[in-house]
Amino acid sequence: MKNELRVAQFNISGGFYIGDESEEYLDREAATKVDDRLFKETIEIINSEQIDIVCFQEIITNVEVAYIENIMKNTELNYKEMIELSPCNLVKDTNSGLAILSKYPITNVESG
């Protein structure tokens, strides 16, 4: 039996689905209720491909915009590390950056 580590990355672009250009998505409150079509598809890919580690780029990292928690709740990716890189230019008063989710504990994290 061959041991394989399955790794994926997604550029989330703030969490907006292709075609979502409505002004209602450009404030923090609306972002907490954003249409989750993108994340449903992402979760399906993670589960069907049995991904072990995934990195999300340009994901909103604010806890009240529960993108990361939603993904973790619906996959076997139980460990996370987030790195906020900049204010999000798509949703007012939020930050974006990287989120690394893993089936395995994440240790020795360095950013800089």
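Predicted model only: the values in this text are computed from it and were never measured.

## Here's the deal with a nonpolar patch on the surface
Next, step 1: Where nonpolar side chains cluster on the molecular surface, the patch consists of Leu5, Val7 and Tyr104 and spans about 310 Å² of accessible area.
Next, step 2: Looking at where Tyr104 falls in the secondary structure, it is placed in the segment after β4 (95-102).

## Things to note about the pattern of salt bridges
Next, step 1: The full count for this structure, using the stated rule, is four salt bridges.
Next, step 2: Across the pair Lys80 and Glu69 runs a salt bridge, and its minimum N-O distance is 3.0 Å. One end of the pair, Lys80, is in strand β3 (residues 79-87); the other, Glu69, is in helix α3 (residues 67-73), with 11 residues separating them in the sequence.
Next, step 3: Within this structure, Glu4, Arg6 and Glu49 form a network of salt bridges that share partners.

What counts, and where the lines are drawn
- Residues numbered from 1 in each chain as written.
- Predicted model: local features only at pLDDT ≥ 70, side-chain atom pairs only at ≥ 80, totals over all residues.
- Heavy atoms only, no water.
- Patch = residues over 30% accessible without salt bridge, like charges linked within 9 Å, V, L, I, M, F, W, Y side chains within 5 Å.
- Areas by Shrake-Rupley, 256 points an atom, 1.4 Å probe, with all protein chains shown as cover.
- Salt bridge = Lys/Arg side-chain N within 4 Å of Asp/Glu carboxyl O.
- Helix = DSSP H or I, 4+ residues; strand = E, 2+ residues; numbered from the N terminus.

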